[in-house]
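# Observations on the three-dimensional arrangement
Listed here are the chains, written in short residue letters.
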Amino acid sequence: MDSIMSNQTWELVDLPPGSKPIGCKWVFRRKYHIDGMIQTFKARLVAKGFKQRECIDYFDTYAPVARTTSIRILFALASIHNLFVHQMDVKTAFLNGNLNEEVYMEQPKGFVLLGNENKVCKLVKSLYGLKQAPKQ
């Protein structure tokens, strides 16, 4: 939740007339050490994207991918020109994509703000579970 709030993933607004908010749920997972002991507990907020309607809540659902041959060419060029290759992993990659469509989501359980119980989250950035999240 700290990551979601620091990325300003949504803003609380009143639900516009004619709009339906999609739901969300928490997905909990345990990560284990090799010996079977619990290492950490993980939680992820997932939007119920299966309730989204095409051409209303989203338009495109494709995900940009790189072909293996393209990556090999880049490695070959880096090798020829003595360049350094740096790899990085973004833990919150899905939470960094800006949304173009207006998507409204119910407030997550356990994090409903007092005094704003009737407001919904207008998503500014993508969230796990949205149909357009891989594209963003």
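Refer to the preceding data block for the structure.
Here we summarise the structure given alongside this text. Only a predicted model underlies this, so the values are computations on that prediction, with no experimental measurement involved.

### Examining a positive patch on the surface
Where like charges cluster on the molecular surface, the positive patch consists of Arg29, Lys31, Lys42 and Arg44. Where the positive patch is concerned, the elements lending two or more residues are β2 (24–32) and β3 (38–47). Note on placement: Lys31 falls in strand β2. Residue class for Lys31 comes out partly exposed when judged on its relative accessible area of 34%.

### Structural notes on the packing of aromatic side chains
Overall, the coordinates contain one aromatic pair when judged by the stated rule. Here the aromatic rings of Trp26 and Phe111 are separated by 5.6 Å at their centres, their planes lie at 50 degrees, and the arrangement is tilted. Remark: Phe111 occurs in the loop between β4 (98–105) and β5 (120–125) and Trp26 occurs in strand β2; sequence separation between them is 85 residues. Accessibility expressed as a relative area gives 39% for Phe111, which makes it partly exposed.

### Quick notes on helix α2 (residues 68–80)
Compared with an ideal rise of 1.5 Å per residue, which puts 13 residues at 18 Å, α2 spans 18 Å between its outermost C-alpha atoms and is within 8% of the ideal. Looking one or two places after α2, you find Asn82, whose phi comes out positive at around 55 degrees.

Calculation rules
- Throughout, residues of each chain are indexed from 1 in the direction in which the sequence is written.
- Reporting in this predicted model follows two pLDDT cut-offs: at least 70 for local features of residues, and 80 or more for side-chain atom pairs to be given and counted; totals over whole chains, interfaces and linings ignore these cut-offs and use all residues.
- Side-chain metrics rest on all non-hydrogen atoms present in the structure, leaving aside hydrogens and water.
- Candidates for patches are residues over 30% relative accessible area with no salt bridge; among them, like charges are joined within 9 Å and nonpolar side chains (Val, Leu, Ile, Met, Phe, Trp, Tyr) within 5 Å.
- Accessibility throughout is a Shrake-Rupley quantity obtained with a 1.4 Å probe, and a residue counts as covered only by protein chains that appear here.
- The salt bridge definition used is simple: a Lys or Arg side-chain nitrogen within 4 Å of an Asp or Glu carboxyl oxygen.
- Only four residue types enter the tally: Lys and Arg on the positive side, Asp and Glu on the negative side, with His and both chain ends excluded.
- Working definition for charges: the position is that of NZ of Lys, CZ of Arg, CG of Asp or CD of Glu.
- Strands here are runs of E lasting at least two residues and helices are runs of H or I lasting at least four, both read from the DSSP assignment and numbered beginning at the N terminus.
- Each residue is placed in one exposure class: buried if its accessible area under a 1.4 Å probe, protein chains only, is under 20% of its type's maximum, exposed if it is over 50%, and partly exposed if it falls in between.
- Classification of ring pairs uses Phe, Tyr and Trp, with its six-membered ring standing for Trp, and accepts pairs whose centres are within 6.5 Å; under 30 degrees between planes counts as stacked, over 60 as edge-to-face, and the remaining range as tilted.
- In a helix, the anticipated span is given by 1.5 Å times the number of residues less one.

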